[in-house]
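Working through the structure, step by step
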Amino acid sequence: MKMKLLHRVLPCVAILSTVVFTGSFLSAPVLAHHSAAAYDRTDLITISGEVTEYIWVNPHTWVYLRVMGPDGEPQEWALEGESVGQYVRMGWTQDQLEVGDTVEAHVWQLKDGSYGAQLGYLIREDGMTLGEIPETD
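Treat the numbers as computed from the prediction; the structure is a model and nothing was measured. (Residues numbered from 1 in each chain as written. Predicted model: local features only at pLDDT ≥ 70, side-chain atom pairs only at ≥ 80, totals over all residues. Heavy atoms only, no water.)

1. Section: the overall build of the protein chain
Each helix and strand counted, the protein chain has two helices and six strands in total. Starting at the N terminus and walking to the C terminus, you meet the elements of the protein chain as α-β-β-β-α-β-β-β. Looking at the protein chain as a whole, 29% of its 137 residues are labelled buried. Of the contacts made within the protein chain by residues no fewer than 6 positions apart, 53% connect residues no fewer than 24 positions apart. A total accessible area of about 9,300 Å² is found for the protein chain, and carbon and sulfur atoms account for 60% of it. (Helix = DSSP H or I, 4+ residues; strand = E, 2+ residues; numbered from the N terminus. Buried < 20%, exposed > 50% of the residue type's maximum accessible area, 1.4 Å probe, protein only. Contact = heavy atoms within 4.5 Å. Areas by Shrake-Rupley, 256 points an atom, 1.4 Å probe, with all protein chains shown as cover.)

Written as structure tokens, this is what we have:
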């Protein structure tokens, strides 16, 4: 009697295990990416400054700017960009931005008001736009 029950239960356990394993494996990429919830996406602000560091890596590029605050003191801003692949599809190449460049950055600042932001787009001194200008309603 116990053997017959075991033969009925084992296939069910195997199927359930396969479903759970496959489901967790397929959902991993979704869980690995974070949202933009930390940024105030209702208010695109403009800051201008000098590029102090530029990191062209996946999953996100980073641009660090030294911005002069209203009190004349420098602020170090960290701007989280899109992936390298997304920028390449927009026509942006790694050598279009360098340390020492002065840029105007259009960003969504962190909700806590600190000097971090999600990068919308940049405008270089020569007028070239890097990134996509968001559509407005």
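2. Here we look at unusual backbone geometry
Asn 58 connects to Pro 59 through a cis peptide bond whose omega is 10 degrees. Turning to its location among the elements, Pro 59 is positioned in the loop between β1 (39–55) and β2 (62–68).

3. A look at the pairing of β1
Note on strand geometry: in a regular strand, side chains alternate between the two faces of the sheet. Where β1 meets strand β4 (residues 102–110), eight bridges bridge the pair, whose relative direction is antiparallel. Within β4, the position partnered with Ser 48 by the bridge is Glu 104. Alignment of β1 against β2, held across five bridges, turns out to be antiparallel. Within the sheet, the bridge partner assigned to Val 51 lies in β2 and is Leu 65. The antiparallel pairing of β1 with β2 creates a hairpin that spans six residues between the two strands. (Pairing = 2+ DSSP bridges.)

4. What to know about the side chain of Thr 61
Relative to the helices and strands, Thr 61 resides in the loop between β1 and β2. Residue Thr 61 is classed as buried on the basis of its relative accessible area, which comes to 3%. Discounting chain neighbours no more than four positions away, the residues touching Thr 61 are Ile 55, Trp 56, Leu 79, Glu 80, Gly 81, Glu 82, Ser 83, Val 84 and Tyr 87.

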